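# Commentary on secondary and tertiary structure
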Amino acid sequence: MSEAQTLSQRLQGGLARLTGLFAGGRLNAQSSQGQSLPVNLGGYDFARQSSSSATRLQSVDQALVWVVVALLMWGMVMVYSASIAMPDNPRFSRYAQTHFLTRHVISMVFGCIMALLAFQIPTSTWEKVARPMFVLSLVLLALVLIPFIGKGVNGARRWISFGVMNFQPSELAKFATIIYAADYMVRKMEVKERFFRAVLPMGAAVVVAGVFLLAEPDMGAFMVIAIIAMGILFLGGVNARMFFLIFAGLVGAFVVMIAASPWRRDRIFAYLDPFSAEHALGKGYQLSHSLIAIGRGEVWGVGLGGSVEKLHWLPEAHTDFLLAVIGEEFGLVGVSLVIFLFLWLSRRIMVIGRQAIALDKVFSGLVAQGVGIWIGFQSFINMGVNLGALPTKGLTLPLMSYGGSAIMMNLIAIAVVLRIDAENKQMMRGGRS
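A brief report on the enclosed structure follows. These figures come from a predicted structure and were not determined experimentally.

## Description of the overall build of the protein
In terms of regular secondary structure, the protein is built from 15 helices and 5 strands. Buried residues in the protein amount to 48% of all 433 residues. Pairs at least 24 apart in sequence give 69% of the contacts found in the protein among residues at least 6 apart. Accessible surface, the protein: about 21100 Å² in total, of which carbon and sulfur atoms supply 66%.

## Considering the pairing of strand β4 (residues 156-161)
Direction of pairing for strand β3 (residues 150-153) relative to β4: antiparallel, over a ladder of 4 bridges. Bridging from a neighbouring strand, Lys-151 pairs with Trp-159 of β4.

## Some thoughts on the side chain of Asn-424
Residue position: Asn-424 is located in helix α15 (residues 404-428). Those residues in contact with Asn-424, other than ones at most four positions away along the chain, are Ile-352, Gln-355, Ala-356, Leu-359 and Lys-361.

## Examining the packing of aromatic side chains
Inspection of every chain in the model, using the stated rule, returns 9 aromatic pairs. Geometrically, the ring pair formed by Trp-74 and Phe-330 is edge-to-face, given 5.6 Å between the ring centres and 85 degrees between the ring planes. Taken together, the positions of Trp-74 in helix α3 (residues 62-83) and Phe-330 in helix α13 (residues 322-358) put the pair 256 residues apart, joining distant regions of the chain. Overall, Phe-330 belongs to the partly exposed group, its relative accessible area being 27%. Ring geometry for Phe-92 versus Tyr-95: centroids 5.8 Å apart, planes at 35 degrees, classification tilted. For Phe-92, a relative accessible area of 15% corresponds to the buried category. According to the relative accessible area criterion, Tyr-95 is partly exposed, its value standing at 27%.

## A short note on the sheet that holds β3
Hydrogen bonds between backbone groups are what pair the strands of a sheet, and the pairing can be parallel or antiparallel. Across the sheet, 3 strands lie side by side as β3-β4-β5; this open sheet has antiparallel pairing. Lying at the two open borders of the sheet, with one neighbouring strand each, are β3 and β5 (166-167).

## A look at the environment of Phe-167
Relative to the elements of secondary structure, Phe-167 occurs in strand β5. Along the chain, Phe-167 and Lys-151 lie 16 residues apart, while their C-alpha atoms are 9.6 Å from each other. Apart from residues no more than four positions distant in its own chain, Phe-167 is found in contact with Leu-140, Arg-158, Trp-159, Ile-160, Phe-162, Leu-172, Ser-405 and Met-408.

## So, the pattern of salt bridges
Here the idea is simple: oppositely charged side chains can pair when their charged atoms come close. All chains considered together, the criterion is met by 10 salt bridges. A salt bridge links Asp-183 to Arg-131, with the nearest nitrogen and oxygen atoms 3.9 Å apart. With Asp-183 in helix α7 (residues 169-187) and Arg-131 in helix α6 (residues 130-143), this pair connects stretches of sequence that are 52 residues apart. Owing to a relative accessible area of 5%, Asp-183 belongs among the buried residues under this scheme. Overall, the relative accessible area of 47% leaves Arg-131 in the partly exposed class.

## Here's the deal with the nonpolar core
Membership of the largest hydrophobic core comes to 113 residues, with the highest contact counts inside it found for Phe-175, Val-338, Leu-345 and Met-400. Here Leu-345 is in contact with Leu-64, Val-67, Val-68, Leu-71, Ile-375 and Leu-399, once residues within four sequence places are set aside.

## Quick look at the environment of Ile-146
Along the chain, Ile-146 falls in the loop between α6 and β3. Considering only alpha carbons, one finds Ile-146 and Ile-160, 14 residues apart in sequence, at a separation of 9.9 Å.

## Some points on helix α14 (residues 362-386)
Each turn of an α-helix holds 3.6 residues, which means side chains three or four residues apart point in the same direction. Spanning 25 residues, α14 covers 36 Å between terminal C-alpha atoms, matching the ideal 36 Å at 1.5 Å per step. Along α14, 23 of the 25 residues are buried, which leaves the element largely enclosed by surrounding structure. Gly-388 sits one or two positions beyond α14 and adopts a positive phi of about 80 degrees.

## Description of the packing of α7 against α15
In the contact formed by α7 and α15, the axes pass within 8 Å of each other and the chain directions differ by 15 degrees. With respect to α15, the element α7 is oriented roughly parallel. Pair α7 / α15 crosses with right-handed handedness. Listed contacts from α15 to Glu-171, Leu-172 and Phe-175 of α7 are Ser-405, Ala-406, Met-409, Ile-412, Ala-413 and Val-416.

## Digging into unusual backbone geometry
Following Glu-216, the chain continues into Pro-217 via a peptide bond in cis, with omega recorded as -5 degrees. Take Pro-217: it is sitting in the loop between α8 (195-215) and α9 (219-235). Not every positive phi belongs to a glycine, and Glu-298 is a case in point at roughly 50 degrees. Relative to the assigned elements, Glu-298 resides in the loop between α12 (285-297) and α13. A relative accessible area of 62% means that Glu-298 is categorised as exposed. Unusually for a residue other than glycine, Glu-316 sits at a positive phi of about 55 degrees. With respect to the helices and strands, Glu-316 occurs in the loop between α12 and α13.

## Considerations on a nonpolar patch on the surface
Among the surface-exposed residues, Val-105, Val-109, Ile-113 and Leu-117 lie close enough to one another that they form a single nonpolar patch of about 330 Å² accessible area. With respect to the element layout, Val-109 can be found in helix α4 (residues 99-119).

Thresholds, definitions, all that
Residues numbered from 1 in each chain as written. Predicted model: local features only at pLDDT ≥ 70, side-chain atom pairs only at ≥ 80, totals over all residues. Heavy atoms only, no water. Helix = DSSP H or I, 4+ residues; strand = E, 2+ residues; numbered from the N terminus. Buried < 20%, exposed > 50% of the residue type's maximum accessible area, 1.4 Å probe, protein only. Contact = heavy atoms within 4.5 Å. Areas by Shrake-Rupley, 256 points an atom, 1.4 Å probe, with all protein chains shown as cover. Pairing = 2+ DSSP bridges. Phe/Tyr/Trp six-rings, centres within 6.5 Å; stacked < 30°, edge-to-face > 60°. Salt bridge = Lys/Arg side-chain N within 4 Å of Asp/Glu carboxyl O. Core = buried A, V, L, I, M, F, W, Y, C linked by side-chain atoms within 4.5 Å. Expected span 1.5 Å × (residues − 1). Axes fitted to C-alpha atoms, helices over the stretch in contact; angles between N-to-C directions. Parallel < 35°, antiparallel > 145°, perpendicular 65-115°, else oblique. Left-handed = near helix turned anticlockwise from the far one by under 90°. Patch = residues over 30% accessible without salt bridge, like charges linked within 9 Å, V, L, I, M, F, W, Y side chains within 5 Å.

Below is the structure:
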């Protein structure tokens, strides 16, 4: 009798444990705090493993994701609006009206797939591949200069053709510089106050990349990479005196490059007076028509699709001067909204980086802040050029302008920031990053 009673008690206890296992899994999924109930079977924590992916998805910064989606969708509409009339030009007569839209959508879809894959990679893995990735970017920047490998457009050799897509190595170089500079500062943290041991090697790496970029030529990408590297050095703890020394050297280098290049000097003079008879049909042509487009938009714009300047007056309306078309069709309200979205996006990314550093994740924090510098600075330059506040420079508007490799690398960078944010939240809940 006692044995039967004991067996019955064991069966009831086993049933209770199984019921607790499944109930614990359901409670874990419904828990507002995202905490897991550890159930160890054979030394393996099934409950924690099964909930890790769900927890990470719940940890994604929803506001940041929706702002990125809004910029992508608005950019897609504006690329179509700005390029719909291009087949009327004999140069693009073979293209359908949806040619650029189709390629842009394909780039967005491919970029989203790559971003999802990048989100799965822990930041510790990015830290391990930082140096090989930077070396790879330099190799690609060198390969693009070889005539039968690199593809030239409008006198610049910046792309490598892969058939369905042209890849621009400078976009990879921007992202690789962020990863490499963050890893470099973590390794040099103990000697960050010494110029020759902390700053000079990083400066030499940027100079090597700059030599390849200026040979394309792509001074805009070199400016972005230099600012990214300098920003990460400053945020990593380089003292103010060395920072201003680097900044002065960088400004001096750009002044020398402009002074030594006649066509760059012409751009500066055209920027100062784009409507003059000397520049209106020359180096000031793009800027003057960009200002005309924005002026036509006034406060509310002429309406979606109503732009006149995109009808073969404004060159590169779907790439570098997309904001001018937005200004013409959506007016001051549209331009102000774009500026606000990029300002919010850059600030939010910087906050995520600051949170990571507060959690003693210096590499992750510097990577996130580097992405914030990239998105913020490049959008600032593009907007400044379109609004006539800065000299003309060939930089696209991140996440919005037409360009396959640019969209892809922007989305990968945002995915890495989202991963960093998810790891921050997981660590703040007491888990492992």
